[in-house]
Amino acid sequence: QVQLVESGGGLVQAGGSLTLSCTASRGTSSIRRMGWFRQAPGEEREFVAEVRWSRGDTSYADSVKGRFTISRDNAKNTMYLQMDSLKPEDTAVYYCAAAQSIVSTFNYWGQGTQVTVSQ
């Protein structure tokens, strides 16, 4: 069972930056891709970005493209989300996720970290 632990959330003013980290442990050799999702109060969880573990290919939601950067450090089993030019609408609980296949749904989830962007 892959275990995921996020860190790096917090409170930031609009226009500011934050970097989230997600470290995987146990069964990490089975990971094929990892991603970030977020859920704002009263909203459904939405996709933010993902990265393929071996090749590093990335994809982003349109709402964050050009502002957020996803990356990974295979040696540390850690994924990052650099968030720049943050907006109040980016406020949400951010979750990291892992999948054991390129095409399957994400089946491992972290506990989430709160990101709050003030006006």
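Per chain, residues are indexed from 1 in the order of the written sequence. Under the rules for a predicted model, residues below a pLDDT of 70 receive no local features and side-chain atom pairs below 80 are neither given nor counted, while totals for whole chains, interfaces and linings still include all residues. Calculated side-chain values reflect all of the structure's heavy atoms, with hydrogen atoms and water omitted.

Participant: Sorry if this is basic, but what is going on with the pairing of strand S3 (residues 18–25) here?
Facilitator: Across a regular strand the side chains alternate sides, sitting on one face of the sheet and then on the other. Only when DSSP finds a minimum of two bridges between them are two strands counted as paired. Here a helix means four or more residues in a row that DSSP labels H or I, a strand means two or more in a row labelled E, and each is numbered from the N terminus. As paired elements, strand S1 (residues 3–7) and S3 share five bridges and run antiparallel to each other. Bridging across to S3, leucine 4 finds its partner in alanine 24. Pairing of S3 with strand S8 (residues 78–83), which is carried by six bridges, proceeds in the antiparallel orientation. Within the sheet, the bridge partner assigned to serine 21 lies in S8 and is tyrosine 80.

Participant: Could you clarify how one ought to interpret the packing of aromatic side chains in this entry?
Facilitator: Aromatic ring pairs are reported here in terms of the distance separating the ring centres and the angle at which the planes meet. Whether two aromatic rings pair depends on their centres lying within 6.5 Å, for rings of Phe, Tyr and Trp, where Trp uses its six-membered ring; planes under 30 degrees apart make the pair stacked, over 60 edge-to-face, and the rest tilted. Tallying each qualifying case throughout the model produces four aromatic pairs. Centre to centre, the rings of phenylalanine 37 and phenylalanine 106 are 5.3 Å apart; their planes meet at 80°, and the pair counts as edge-to-face. Of this pair, phenylalanine 37 sits in strand S4 (residues 33–39) while phenylalanine 106 sits in the loop between strand S9 (92–99) and strand S10 (108–109), placing them 69 residues apart in sequence. Classification of phenylalanine 37 as buried rests on a relative accessible area of 12%. Here the aromatic cluster, defined as three or more aromatic residues joined through ring pairs, consists of Phe37, Phe47, Phe106 and Trp109. Placement of a charge over a ring requires the Lys NZ or Arg CZ to be within 6 Å of the ring centre, with the centre-to-atom vector within 35 degrees of the ring normal. Just above the ring of phenylalanine 106 sits the side chain of arginine 33; from NZ or CZ to the centre is 4.4 Å. When the ring centre of tryptophan 109 is taken as reference, the NZ or CZ atom of arginine 45 above it lies at 3.8 Å. Note on exposure labels: buried denotes an accessible area under 20% of the residue type's maximum, exposed denotes more than 50%, and partly exposed covers the range between, all computed with a 1.4 Å probe on protein chains only.

Participant: Hey, could you run me through the nonpolar core in this one?
Facilitator: Considering soluble globular proteins, one finds that nonpolar side chains tend to be buried as a cluster. Counting residues in each nonpolar core, the largest one holds 29 residues, and the members touching the most others are Leu4, Trp36, Met79, Leu81, Met83 and Tyr94. Counting residues per element, the ones that place at least two in this core are S3, S4, strand S5 (46–52), strand S7 (68–73), S8, S9 and strand S11 (113–118). By definition in these notes, contact holds between two residues if any of their heavy atoms fall within 4.5 Å. Excluding anything up to four places from it in sequence, leucine 81 contacts Leu18, Thr19, Leu20, Trp36, Val48, Ala49, Phe68, Thr69, Ile70 and Tyr94. The criterion is simple. A nonpolar core is a set of buried Ala, Val, Leu, Ile, Met, Phe, Trp, Tyr and Cys residues joined through side-chain atoms within 4.5 Å.

Participant: Would you mind showing me how to read the environment of lysine 65 here?
Facilitator: Considering the arrangement of structural elements, one finds lysine 65 in the loop between strand S6 (58–60) and S7. The sequence separation of lysine 65 and alanine 49 amounts to 16 residues, and the corresponding C-alpha distance is 8.9 Å.

Participant: Would you explain the environment of glycine 27 in this entry?
Facilitator: On the secondary structure map, glycine 27 appears in the loop between S3 and S4. Taking the C-alpha atoms as reference points, glycine 27 and valine 2, 25 residues apart in sequence, are found 5.1 Å from one another.

Participant: Explanation requested: the state of the cysteines in the structure shown.
Facilitator: As used in these notes, a disulfide is a covalent bond between sulfur atoms, one from each of two cysteines. Our working definition of a disulfide is a cysteine sulfur pair at a distance within 2.5 Å. Taken as a whole and assessed by the stated rule, the structure comprises one disulfide. With a sulfur-sulfur separation of 2.0 Å, cysteine 22 is cross-linked through a disulfide to cysteine 96. One disulfide, between cysteine 22 and cysteine 96, carries an S-S torsion of 45° and so falls in the right-handed class. With cysteine 22 in strand S3 and cysteine 96 in strand S9, the pair connects residues that are 74 residues apart, well separated along the chain. Taken individually, cysteine 22 and cysteine 96 each receive the classification buried, so the pair is uniform in this respect.

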